[in-house]
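# Observations on the model geometry
Listed here are the chains, written in short residue letters.
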Amino acid sequence: MAANNNRDWFHAHKAEYDACQEDFRQGIDALIAQLAKVDPEIKYLTAKDCCYRFYRDVRFSQDKSPYKRHFGAYICSAGKKSLRGGYYIHVQPGQSLVAFGCYYLPTNILTSCRNEIKGNIEHWKEAVENGQFIKAFGYPNAGTWTDEEVSEKGFGLTALKTAPKGFDKNDPDIDYLRMKDYVCWKHVDDNFFQGDEWMKKVVSLAKIAKPSMDIINSVVDDYI
């Protein structure tokens, strides 16, 4: 698709796309059923609620390619456009991943999240400094996730270069306070989504990520 991102090629292969899309949606429906055992709040969702459009909005982009290069779904009890943390599935050759948490939070909510983390730092560390979490997702701001590159694992998409306003730059926990999002991810290979075992693996990762996501969601919920 990357080499043939144009309408003529797409329409000539529309049947293949429809089959892939249906397969993806069935997988998401099955995953929701499994994740709901860990997070009952999502049990009423369907793939239709969670899957993103394949068509790109090119109105304000220099890249006028009409189609995305991936299938994506965000499983979140408050909806795929919500600020609330959830479970993200990204299928793209060479850059597939599963992710958990909150993306692109506005400054006022970020400030509240930072205050929550600082005020309950031991609880936060229990969630993100245990062996399972570090093995699965690593340390804050150590990974890379861009349109061109995805690291094997990661915790935090972007971070401030210095301390946020109102926080001490010498704070021993400053790495958590500099974070501009609270999302963790695991890169998976192109064969990961074959069969049914992948759902068990995603659920296992979700169990590891959920305690930290619950802490952030407890703050976000005050704003939505």
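Residues numbered from 1 in each chain as written. Predicted model: local features only at pLDDT ≥ 70, side-chain atom pairs only at ≥ 80, totals over all residues. Heavy atoms only, no water.

## Remarks on a negative patch on the surface
Our working definition: Here the term patch refers to residues with relative accessible area over 30% and no salt bridge, with like charges joined within 9 Å and nonpolar side chains (Val, Leu, Ile, Met, Phe, Trp, Tyr) within 5 Å. A 1.4 Å probe and the Shrake-Rupley method give the accessible areas. Residues count as covered only by the protein chains that appear here. Throughout this description, the term salt bridge denotes a Lys or Arg side-chain nitrogen within 4 Å of a carboxyl oxygen of Asp or Glu. Positive charges are assigned to Lys and Arg, negative charges to Asp and Glu, while His and the chain termini are left out of the count. For charged residues, the charge sits on one atom: NZ in Lys, CZ in Arg, CG in Asp, CD in Glu. In this description a helix means any DSSP run of H or I spanning at least four residues, a strand means any run of E spanning at least two, and both kinds are numbered starting from the N terminus.
Together, Glu-22, Asp-23, Asp-29 and Asp-49 make up a region of like negative charge exposed at the surface. With 3 residues, the top contributor of residues to the negative patch is helix H2 (residues 14–35). Tracing the backbone through its elements, the reader meets Asp-49 in helix H3 (residues 47–50).

## With respect to the packing of aromatic side chains
Rules: Only Phe, Tyr and Trp rings take part, Trp by its six-membered ring, and two of them pair if their centres are within 6.5 Å. Stacked means planes under 30 degrees apart, edge-to-face means over 60, and tilted covers everything else. Partly exposed describes any residue whose relative accessible area lies between the buried limit of under 20% and the exposed limit of over 50%, with all areas from a 1.4 Å probe on protein chains only and scaled to the type maximum.
One pass over the full model with this rule turns up 18 aromatic pairs. Plain terms: the ring middles of Trp-124 and Tyr-182 are 5.7 Å apart, the flat faces sit at 85 degrees to each other, and that makes the pair edge-to-face. Of this pair, Trp-124 sits in helix H5 (residues 121–128) while Tyr-182 sits in strand E5 (residues 182–187), and the two are 58 residues apart along the sequence. Both residues of the pair, Trp-124 and Tyr-182, count as buried. Through successive ring pairs, a cluster of aromatic residues spans Tyr-87, Phe-100, Trp-124, Phe-133, Phe-137, Phe-155, Tyr-176 and Tyr-182.

## Some points on the sheet that holds strand E4 (residues 153–155)
For the record, the criterion: A strand pair is defined by DSSP finding two or more bridges across the two strands. Fitted lines through C-alpha atoms give the axes, limited to the stretch in contact for helices. The angle between two N-to-C directions lies from 0 to 180 degrees. In what follows, a contact means two residues having at least one pair of non-hydrogen atoms within 4.5 Å.
Reading across the sheet, the 5 strands line up as E1-E2-E3-E5-E4 and stay open at both edges, with antiparallel pairing between neighbours. The open sheet is flanked by strand E1 (71–75) and E4, the only strands paired with a single partner. This sheet shows a mean twist of 10 degrees between the axes of neighbouring strands, independent of strand direction. Relative to strand E3 (residues 97–102), strand E2 (residues 86–91) runs antiparallel, the two being bridged by 5 bridges. Bridged to Tyr-88 within E3 is Ala-99. Its contacts with the sheet put helix H8 (residues 197–220) on E2, E3 and E5, and the angle it makes with E3 is roughly 20 degrees.

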